[in-house]
Amino acid sequence: MKRREAREKAVQTLFQLDNTDMSIEEAITYIMERPIDPFYESLVKGTTEHRDEVDKVLASKLENWSLDRLPKIERTILRLAVYELLHHEDVPHKVILNEAVELCKQFGDEKSGRFVNGVLSKFEEK
């Protein structure tokens, strides 16, 4: 599985997990067939397990917005991207930003990409 596809599936899984009682394993098996791609699994589990840390960092970059007010798809994509920025140092910052914008084009509306790009551009490259 290519990383772009893994990110797409991760967004779908994380979107499903947001505000539900479904377990991570249930959500993964709903979206993916076996065998599970390791990169996809690391994105889903990592974003979920580090959600408090990700949300805290993300909230510090939002201007005039709270996480609760964000549309669900933008919040999901931002959480995934921030998790990657914080915990996948092997992936270039630009790639994470571009992939997040592409996910917005696929799952959001025409304003989603610009908004997500603006938020993620506040993160310094490492």
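You'll find the structure just up there.
This section reports on the structure supplied with the text. Per-chain numbering applies: the sequence of each chain, read as written, is numbered from 1 onward. Restriction of local features to residues with pLDDT of at least 70 applies here, the model being predicted, together with a cutoff of 80 or more for giving and counting side-chain atom pairs; totals for whole chains, interfaces and linings are based on all residues. To obtain the side-chain values, all non-hydrogen atoms of the structure were included, while hydrogens and water were left out.

1. Focus on the environment of Ile77
Stated precisely, the cut-off is as follows: Numbered from the N terminus, helices here are DSSP runs of H or I no shorter than four residues, and strands are runs of E no shorter than two. Buried, partly exposed and exposed residues are distinguished by accessible area as a fraction of the type maximum, computed with a 1.4 Å probe on protein chains only: under 20%, between the cut-offs, and over 50%, respectively. Contacts were defined at the residue level, with two residues in contact if any of their heavy atoms lie within 4.5 Å.
Mapped onto the secondary structure, Ile77 falls in helix 5 (residues 72-87). Given the relative accessible area of 1%, Ile77 is considered buried. Residues Ile77 and Phe107 lie 30 residues apart in sequence; the distance between their C-alpha atoms is 9.3 Å. Here Ile77 is in contact with Val11, Ala100, Leu103, Cys104 and Val116, once residues within four sequence places are set aside.

2. Overview of empty space enclosed by the protein
The condition that has to hold: Only protein atoms enter the calculation, which uses a 1 Å grid: trapped sets of points that fit a 1.4 Å probe without letting it out are cavities, open sets showing protein on both sides within 12 Å along at least five of seven lines are pockets, and any residue with an atom within 4 Å of a point is a lining residue. Grid points are joined across faces, edges and corners, and a volume is the space filled by probe spheres set on the points. By the convention adopted, Pro, Cys, Tyr, Trp, Phe, Met, Ile, Leu, Val and Ala count as nonpolar, Lys, Arg, Asp and Glu as charged, and the other residues, Gly among them, as polar.
Tallying each qualifying case throughout the model produces 1 cavity of 30 Å³ or more. The volume enclosed by the largest cavity comes to roughly 40 Å³. Contributing to the lining of the largest cavity are Arg7, Ile77, Leu80, Ala81, Glu84, Ile96, Glu99, Ala100 and Leu103. Counting residues per element, the ones that place at least two in the lining of the largest cavity are helix 5 and helix 6 (93-107). Tallied by class, the residues present in the lining of the largest cavity amount to 6 nonpolar, no polar and 3 charged.

3. Considering the packing of aromatic side chains
Here is the rule we go by: Within 6.5 Å between ring centres, the rings of Phe, Tyr and Trp (the latter by its six-membered ring) count as paired, and their orientation is classed by plane angle as stacked under 30 degrees, edge-to-face over 60, tilted in between. Geometrically, a lysine NZ or arginine CZ counts as sitting over a ring once it is within 6 Å of the ring centre and also within 35 degrees of the ring normal.
This structure, assessed with the given rule, holds 1 aromatic pair. For the ring pair Trp65 and Phe115, a centre distance of 5.5 Å and an interplane angle of 65° mean the geometry is edge-to-face. One end of the pair, Trp65, is in the loop between helix 4 (51-61) and helix 5; the other, Phe115, is in helix 7 (residues 112-120), and 50 residues separate them in sequence. A relative accessible area of 35% means that Trp65 is categorised as partly exposed. Stacked on the ring of Trp65, the Lys or Arg Arg69 has its end atom at 4.5 Å from the ring centre. Looking at Lys72, its charged tip hangs above the ring of Phe15, at a distance of 4.3 Å from the centre.

4. Structural notes on the packing of helix 2 (residues 24-31) against helix 3 (residues 38-49)
The cut-off we apply is this: Note on definitions: angles span 0 to 180 degrees between N-to-C directions of axes, and those axes are lines fitted to C-alpha atoms, for helices only across the stretch in contact. Working rule for handedness: look at the near helix, and if it is turned counterclockwise from the far one by less than a right angle, call the crossing left-handed; if clockwise, right-handed.
One can describe the packing of helix 2 onto helix 3 by two numbers: an axis separation of 11 Å at closest approach and a directional angle of 145°. Note on packing geometry: the crossing formed by helix 2 with helix 3 is right-handed. In this structure, helix 2 contributes Ile24, Glu25, Ile28 and Ile31 to the contact, and helix 3 contributes Tyr40, Glu41, Val44, Lys45 and Thr48. Taken together, the residues of the contact of helix 2 with helix 3 sort by class into 5 nonpolar, 1 polar and 3 charged.

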